[in-house]
Amino acid sequence: MNNGNENTLDIHCCLMYHKYLLILDKFIMYNYISEYTDFLKIEKRQSQNTVDSYRRDVSRFAKYLSNNQLGGDKASDVRSFLVFLRNEEGLAPSSVARCLSSLKSFYNFLYVENLISENPIETIASPRPWRKLPNVMSMQEVDALIAAPDINTLAGVRDLAMLELMYATGLRVSELVSLKMSAVNLEVGYLRSLGKGSKERVVPIGDIAKTTIENYVINARPLLQKKCTTEDLFLTRRGNSMTRQGFWKILKKYSIKAKIVGIVSPHALRHAFATHLLERGADLRSVQKMLGHADISSTQIYTHVLRERMRDVHECFHPRA
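Here the structure is a predicted model, which is why all the values come from computation and not from measurement.

Novice: Tell me about the overall build of the protein, and please be specific about residues and values.
Specialist: On a plain count of helices and strands, the protein comes out with 13 helices and three strands. When contacts within the protein are restricted to residue pairs at least 6 apart in sequence, those whose partners lie at least 24 apart make up 55%. Accessible area for the protein stands at about 19,700 Å²; split by element, carbon and sulfur atoms hold 53% of it.

Novice: Help me get a handle on the packing of aromatic side chains, residues and values and all.
Specialist: Counted according to the given criterion, the structure contains nine aromatic pairs. Within the aromatic cluster, the residues linked to one another by ring pairs are Tyr36, Phe39, Phe61, Tyr64, Phe81, Phe84, Phe106, Tyr107 and Phe109.

Novice: Can you break down the packing of helix H5 (residues 139–146) against helix H10 (residues 266–279) residue by residue, with the values?
Specialist: One way to put it is that H5 packs onto H10 with a least axis distance of 11 Å and a crossing angle of 135 degrees. As judged from the angle between their axes, H5 and H10 are oblique. Here the hand of the crossing between H5 and H10 comes out left-handed. Residue-level contacts link Met139, Val142 and Leu145 of H5 to Leu269, Ala272, His276 and Glu279 of H10. Within the contact of H5 with H10, the residues separate by chemical class into five nonpolar, one polar and one charged.

Novice: Help me get a handle on the sheet that holds strand S2 (residues 190–194), residues and values and all.
Specialist: Read from one edge of the open sheet, three strands run S1-S2-S3, paired in antiparallel fashion. For this open sheet the edge positions go to strand S1 (184–185) and strand S3 (200–204), each flanked by a neighbour on one side alone.

The rules behind the values
- Residues numbered from 1 in each chain as written.
- Predicted model: local features only at pLDDT ≥ 70, side-chain atom pairs only at ≥ 80, totals over all residues.
- Heavy atoms only, no water.
- Helix = DSSP H or I, 4+ residues; strand = E, 2+ residues; numbered from the N terminus.
- Contact = heavy atoms within 4.5 Å.
- Areas by Shrake-Rupley, 256 points an atom, 1.4 Å probe, with all protein chains shown as cover.
- Phe/Tyr/Trp six-rings, centres within 6.5 Å; stacked < 30°, edge-to-face > 60°.
- Axes fitted to C-alpha atoms, helices over the stretch in contact; angles between N-to-C directions.
- Parallel < 35°, antiparallel > 145°, perpendicular 65-115°, else oblique.
- Left-handed = near helix turned anticlockwise from the far one by under 90°.
- Nonpolar A, V, L, I, M, F, W, Y, C, P; charged D, E, K, R; others polar.
- Pairing = 2+ DSSP bridges.

As C-alpha cells, this is what we get:
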C-alpha cells in the first residue's frame, strides 16, 4: 500500500513539476517578446504598426506552443506552426511567409543578445511567394475619385487635398495622416516624409496638389482646428489628427460615389501614382526614390508597365516591327 501511495505521489510531483516548467517557459517566452518589441521600437526605430505586426506574429507562436504538446525541437515546432497557420487557420501563403519572417527576426534577436545558445530556425528557408501585380486604378477612375468630394464643405476641401496629395506623391496612408505642417513646403513644392524605418525622403508635390493644399490650409484647416493645438496637417471635424481608419472610410465613401468597380484602398492610389508615372516615361529609380522603397526589387512589380511601353515603342518606331 505504501509503495502504491509513493508511486502516486511521485507521478503527481512529476506532473506538477512538468506544469511548473511549462508555466516557466511561457513566462520566459513572453518576457523575451517584451524585450524584442523594445528592441524594435528603440534600436531599430520601427514604426508602431510594424512593431505591432511583429509582436502579434511572435505572440501567436507563443500561444501555439503553450497550447500544444510539441517535441521541444524549435525548428520542428516552427514548421508545425506554419502548417497549422496554412491548414487550420486558412492563412494565405504570403501571411504565413510574413509570420516566418517575424519569427526569424525574433530568434535572431535572441541569439545576438545571447539569450539563446543557437538559432534553431536559421536554416528554415523562407518561401518566395509569387508576387502578384497590383490592381491599378485607371486615370479615369482616379479623376472620378478626385472629383467626388463636395468642395463647398470643410470636409470636402480637406478630403480633396488628401486625395490629390496622395495621388501626387505616392505616400503610404500612415505617412499621409502623420504629416506635419512643417513637413510641407508649398513655396518650393516639396514635402518631407518619414517612411518605414524612420527613413526620411523628399517628394515633389505638383501644382494641382499644391493648390488644393493651400486652399485647405487657408480656408478649411483653421475652422477644423477650432481651439485644438496641433501640428498635424490633416484634421477631423473635431480638430483631432486624421487616422488611417478615418481615411479608409473617406476613400470608401468617395469610391462608391464615383461608382468605381472593385475595392479602392489607399495602396491602390499609391500603385496608381507609380504606374501612371512609368506609363508617361518616368524611370524606375526615380519612382523607387519617391515611393521610399529601400530595395528596387520592391519597385520592380511595376516593370510590366515598362515592358508594355517598350513593346509599343518597338512596334511604333522599328522599321521591321
